[in-house]
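Working through the structure, step by step
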Amino acid sequence: MNTVVADITYRAMLGRKRIWLLVLLPVALVVLAALLRLINGHDEQTAVTLMKSFAIGTMLPLLGLIAGTGVVAPEIEDGTIIHLLSKPISRPVIAVTKFVVAASLVAVFAAVSTYAAAYLLTGSESGVATGFTLGALFGGIAYAAVFLLLGVLTRHAVAVGVIYALVWEGVVGGYVPGARKFSIQQWAQSLADQVSSSPFFSSEVTLGFAVPAMVIVTVGAVVWTGQRLRSLSLTGDE
Amino acid sequence: MTEPTAVIHDIGYRHYDGVRLGRGRATLALGVQSLRGVFGFGRTTRAKIMPLLLMAIMLMPTVVSIGVMALAKQFIMPYPGYAVFMQAVIAVFLAAQSPYLVAPDLRFRVLPLYLSRPLTVTDYVVAKLAALAVALFGLLAVPITIQFVGELLVDLPGPPHTADYLGALGGAVLYAVLLSSVGIALASFTPRRGLGVAVVIAFYMFTAAVSTLFYAVLSSTGRDDVAPWALILNPFFLVDTVQSALFGTAPINDEGYPPGIAACLILLAVIALAVTGVLLRYRKAAS
């Protein structure tokens, strides 16, 4: 963890157009919750649907994608990462710092808006709000790590990330039950299910699988990012 | 005072005396070059992987469907629903390829170079929009055309689904125009390709999620008159509504859609809005 690098990365993330996407999606979630509240009033089932399909299913991967790739991919694209890599800072430390920045952004934006939206719809009934907040928090951290890794592995990090989030988790996960075991969304949902006692919500992956998987994926992705940065080659833009 | 000794040598530079083909041909050239680029032709091998992979995925249901028609003599994949069924893949294609068309030119500030030629801002925008629209039309039309040829060759009992096929082709034109204008409009707001991809895919995932969510909530609470309106927030269902209204194909959603005329107007309004947005954006970028 290097505070100077973290500071620069925060400024790069919050000072550009990128911030609009990071803010708009959580705002949209809260607005949707308010709209649904107007249409339906307090309703636990609606809250669970909103949380599952929008908060965890749509917003979380997008925030993870924007923040995770955003902390490193633009620097590689512009070639300015060479200035960072030429400093006497260990590459794994750079990787950890970038990860902390991305994870903190996703965690704050996703968790706060998830809690606000769920609270609007259910209050604190049957732990839906706290459960999904917990899920969004840790799911967001895992997404940030995976997409950070993608950002240093490939030039098309965002496109590859989109394919993972949309095609693998969305389409393949919809038809092939086995694929759901390897989906960060599902792990986040099993965390949420552990806390919430809502009868409308049950997760498909056991907690005994989800928690170790999440830890392994997060730690593994950050370590691999560090290793990858040690031998990063900058090739010209096509 | 010495005489000046410098001489100007004629080293044989020559003027272009041929026919000047003008704006139209310049636009066409830019459009064709952009279209090739969308599929990665004329670019590095790495740039070809993504579009050709997505094209291959689009063809998979076709292969399966022809196989089933040949072996089991059953028709399983109706043409008009192909785009809705494969919407995630089409959205990924749109998101991955539309920033390529606009972002590098903005990022490297080469727009003034284009505009120093007979090409105008409008021509540039038209060329880019047309390139993406043709690419998307190809992405949609090639699989269903192959399936139709397969259906004719297998010769199932009963008449071929010609009307459905033609309707789906008409629908493909609508999908291509709507998606390309929205894709270019969103992608042209940032000179960064990665962020452009994220913006376009965020648009699709957001509209798709919101439309499914509101449809589910509204129909579960018995507001069946409003529920179909929520569905057409998703661009794919919007086009499917227009497609079934214009070409008489079977709608994907059995519960019914909002009236076709309203959907047509919404479709036109969205396209007009997106194209105006792009034009305004480029008026600003060019100056």
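Here, the structure is the one placed above.
Residues numbered from 1 in each chain as written. Chains lettered and ligands numbered in written order. Predicted model: local features only at pLDDT ≥ 70, side-chain atom pairs only at ≥ 80, totals over all residues.

A few points about the overall build of chain A
Scanning chain A from N- to C-terminus turns up 10 helices and zero strands. Taking 18 Å as the expected radius of gyration for a compact globule of 238 residues, we find that chain A reaches 18 Å, a close match to that expectation. The proportion of buried residues among the 238 residues of chain A is 51%. Excluding contacts between residues fewer than 6 apart, the proportion of contacts in chain A whose partners are at least 24 apart in sequence is 82%. (Helix = DSSP H or I, 4+ residues; strand = E, 2+ residues; numbered from the N terminus. Rg over C-alpha atoms; globule rule 2.2 N^0.38 Å. Buried ≥ 20, exposed ≤ 12 C-beta atoms within 10 Å, placed from the backbone. Contact = placed C-beta atoms within 7 Å.)

A closer look at the packing of helix 3 (residues 44-70) of chain A against helix 6 (residues 91-122) of chain A
Each pair of packed helices gets described by two things: the angle between the helix axes and the distance between those axes. Residues and elements named next belong to chain A. The contact between helix 3 and helix 6 brings their axes to 10 Å, and the two run at 165°. Accordingly, the angle class assigned to the pair helix 3 and helix 6 is roughly antiparallel. Crossing hand, helix 3 versus helix 6: right-handed. For the pair helix 3 and helix 6, contact is made by Glu44, Thr46, Ala47, Leu50, Met51, Ala55, Met59, Leu60, Leu63, Gly64, Ala67 and Gly68 and by Ala102, Leu105, Val106, Phe109, Ala110, Thr114, Ala117, Ala118, Leu121 and Thr122, respectively. When grouped by side-chain class, the residues that make up the contact of helix 3 with helix 6 number 16 nonpolar, five polar and one charged. (Axes fitted to C-alpha atoms, helices over the stretch in contact; angles between N-to-C directions. Parallel < 35°, antiparallel > 145°, perpendicular 65-115°, else oblique. Left-handed = near helix turned anticlockwise from the far one by under 90°. Nonpolar A, V, L, I, M, F, W, Y, C, P; charged D, E, K, R; others polar.)

Considering the environment of Val96 of chain A
Residue and element names in this part refer to chain A. Topologically, Val96 is positioned in helix 6. Linking Val96 and Thr225, residues 129 residues apart in sequence, is a C-alpha distance of 8.5 Å. With residues up to four places along the chain from it excluded, the contact list for Val96 reads Met1 and Val222.

A short note on the environment of Leu32 of chain A
Among the secondary structure elements, Leu32 of chain A is positioned in helix 2 (residues 18-40). A residue is classified by how many C-beta atoms lie within 10 Å of it, and Leu32 of chain A, with 22 of them, is buried. Along the chain, Leu32 of chain A and Phe54 of chain A lie 22 residues apart, while their C-alpha atoms are 9.4 Å from each other. When residues no more than four places from it in sequence are discounted, the contact partners of Leu32 of chain A are Leu50 and Phe54 of chain A together with Val210 of chain B.

A short note on the interface of chain B and chain A
In this complex, chain B contributes 28 residues to the contact, which on the side of chain A involves 34 residues. For the side of chain B that touches chain A, the secondary structure elements donating two or more residues are helix 2 (45-72), helix 4 (87-107) and helix 8 (193-220) of chain B. The dominant element in the side of chain B that touches chain A, judged by the number of residues it contributes, is helix 8 of chain B, at 15 residues. Taken together, the residues of the side of chain B that touches chain A break down into 21 nonpolar, five polar and two charged.

Let's talk about the environment of Val142 of chain B
All names here are of chain B. With respect to the helices and strands, the residue Val142 is situated in helix 6 (residues 121-154). Judged by local crowding, Val142 falls into the partly exposed class, with 15 C-beta atoms found within 10 Å. Once the C-alpha coordinates of Val142 and Met55 are considered, the two residues, 87 residues apart in sequence, prove to be 9.2 Å apart.

None of this, on its own, says anything about what the molecule does.
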